[in-house]
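Chain residues, written in single-letter form:
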Amino acid sequence: MVSFVVEKPQRMSNGVVSETTRLSIIPNNSSSAQKTLLKNLEIINGGQRVNAWVDSMRASSPTHLKSLPSSVSSEKHLSSWIMQHPSALEMFEKITQASGGKQIVMFLDYDGTLSPIVDDPDKAFMSSKMRRTVKKLAKCFPTAIVTGRCIDKVYNFVKLAELYYAGSHGMDIKGPAKGFSRHKRVKQSLLYQPASDYIPMIDEVYKQLLEKTKSTPGVVVENHKFTASVHFRCVEEKKWSKLVLQVRSVLEKYPTLKLSQGRKVFEIRPMIDWDKGKALEFLLESLGFGNSNNVFPVYIGDDRTDEDAFKMLRDRGEGFGILVSKFPKDTDASYSLQDPSEASPHTRDEFLATIGGVETNAAKNMKGMYNK
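Naming follows an unreviewed UniProt entry, where the chain appears as Trehalose 6-phosphate phosphatase of Brassica rapa subsp. trilocularis. In its Function (unreviewed entry) section, UniProt records this for the chain: "Removes the phosphate from trehalose 6-phosphate to produce free trehalose. Trehalose accumulation in plant may improve abiotic stress tolerance." Note on the chain: under the UniProt heading Cofactor (unreviewed entry), the record states "a divalent metal cation".

If you want it as structure tokens, here you go:
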């Protein structure tokens, strides 16, 4: 006789799925019965893990959150969250005072920050006005795009050669194009690719994911050179469980890759100690501000992967992170901006234009260096 209890997995605040299985087994002489038990247990555990992933997918969906009925308690929770993460626009004067004349360095996510979130990742175009704003920003401060996309694709969207680019969640870092750098501390040949050994593996996984998910309508698989992603924004919710199984069936053959989740997207990344926070540190070091007290980094992003950068700034005790979101989220960001799909389309542009119009004393002192 065999009895067992399986506790339902829970999604923790950091997005990690926790699952526990308790077993109480009384020996049974039938090997077939034991095999049946193990098979059933495997199915139950696998189902629980899939359910946990689906719960996480549903919880991170802005569409799902928007459909939830409002209540007094939820409104209080939102008000409390906004008090802890006030609007960066409304607190702009306080922010500029906090910079204290230090050199501002800007770090910007792309999707959901410089461009709206769209169904087709290949159509996530930034507006001409936003491009002009970022260009103006880069004239005042060193400015970097830190994104999950590959550098070539995001550059085709942004089209600004004077920026620093950190693609594939910071695993592919390049400095401004030759002749465009305004910051003389950085070598023109700045290039760092900590996951270069994984390029063949990522390409292999990308092809397998394309084949495995082709039966699920709405899936978009992307190869970002050092990482891969599976977008499920256009996949019916009733197909999510199937998609989780498809993705996991591919990745179980690659123990050196890890699976994480963003806004309606699965991210496949090498299991190395590198993320957007590490990329931010590397860029500050490359700019000559590694151990400097005279720098004020600002990072703006909207996704879970941006939390690594927010945490790095909080731990560093210099600068701050700004989360783009209308809904309360666990975050290490200090301030917030409204989700571009929910708020005025000019919110992000307005903030960047405002901060771009402010030149700290340190920035003014470096103007001569910029213009040489």
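Moving on, we come to helix α5 (residues 128–140). Owing to its 3.6 residues per turn, the α-helix brings residues three or four apart onto one side. Taking 1.5 Å as the rise per residue, α5 with 13 residues should run 18 Å; its terminal C-alpha atoms sit 19 Å apart, in good agreement. If you check which residues of α5 are buried, you get Met130, Thr133, Val134, Leu137, Ala138 and Cys140. The buried side chains of α5 occupy one side of the element, clustering within an arc of 155 degrees when seen end-on.

Burial of strand β12 (residues 295–301) is extensive: 7 of the 7 residues sit out of reach of the surface. Both faces of β12 are covered, namely the face carrying Val295, Pro297, Tyr299 and Gly301 and the face carrying Phe296, Val298 and Ile300. Relative to β12, strand β3 (residues 103–108) runs parallel, the two sharing 6 bridges. Bridge pairing links Gln103 to Val295 in β12. Sheet analysis places β12 next to strand β13 (residues 320–324), joined by 4 bridges and oriented parallel. For Tyr299, the partnering residue across the bridge sits in β13 and is Gly321. You can see the chain leave β12, run along helix α10 (residues 307–316) and come back into β13, and the turn it takes is right-handed.

A word on helix α9 (residues 276–286). All of the buried residues along α9 are Lys276, Gly277, Ala279, Leu280, Leu283, Leu284 and Ser286. On its buried side, α9 packs onto β3, β4 (143–146), β5 (164–167), β6 (172–174), β12 and α10.

Residue Lys225 is not a glycine yet carries a positive backbone phi of 80 degrees. Mapped onto the elements, Lys225 comes out in the loop between β8 (220–223) and β9 (228–231). On the basis of relative accessibility, which here comes to 40%, the residue Lys225 falls in the partly exposed class. Positive phi is not limited to glycine here, since Lys264 has a value of about 55 degrees. A residue is classified by how much of its surface remains accessible, and Lys264, at 9% relative accessible area, is buried.

One open sheet accounts for 4 strands, arranged β8-β9-β11-β10; its pairing is antiparallel. In this open sheet, the two edge strands, each paired with only one partner strand, are β8 and β10 (257–262). Between one strand and the next, the sheet's axes are offset by a mean angle of 20 degrees, whatever the strand orientation. Where β10 meets strand β11 (residues 265–270), 6 bridges bridge the pair, whose relative direction is antiparallel. By the bridge assignment for β11, Lys258 is matched with Arg269.

Moving on, we come to empty space enclosed by the protein. Tallying each qualifying case throughout the model produces 2 cavities of 30 Å³ or more. Space inside the largest cavity adds up to approximately 360 Å³. Taken together, 26 residues make up the lining of the largest cavity; nearest its centre are Asp111, His231, Val265, Glu267 and Asp303. Secondary-structure elements contributing two or more residues to the lining of the largest cavity are β9 and β11. Residues belonging to the lining of the largest cavity are distributed by class as follows: 6 nonpolar, 7 polar and 13 charged.

Parameters at a glance
Residues numbered from 1 in each chain as written. Predicted model: local features only at pLDDT ≥ 70, side-chain atom pairs only at ≥ 80, totals over all residues. Heavy atoms only, no water. UniProt positions renumbered as here; feature names shortened; annotations may be inferred. Helix = DSSP H or I, 4+ residues; strand = E, 2+ residues; numbered from the N terminus. Expected span 1.5 Å × (residues − 1). Buried < 20%, exposed > 50% of the residue type's maximum accessible area, 1.4 Å probe, protein only. Arc of directions from axis to C-beta. Pairing = 2+ DSSP bridges. Right-handed = clockwise from strand over helix to strand, strands pointing away. Contact = heavy atoms within 4.5 Å. Axes fitted to C-alpha atoms, helices over the stretch in contact; angles between N-to-C directions. 1 Å grid on protein atoms, 1.4 Å probe; cavity = no way out; pocket = protein on both sides within 12 Å on 5 of 7 lines; lining within 4 Å. Points joined across faces, edges and corners; volume = space filled by probe spheres on them. Nonpolar A, V, L, I, M, F, W, Y, C, P; charged D, E, K, R; others polar.

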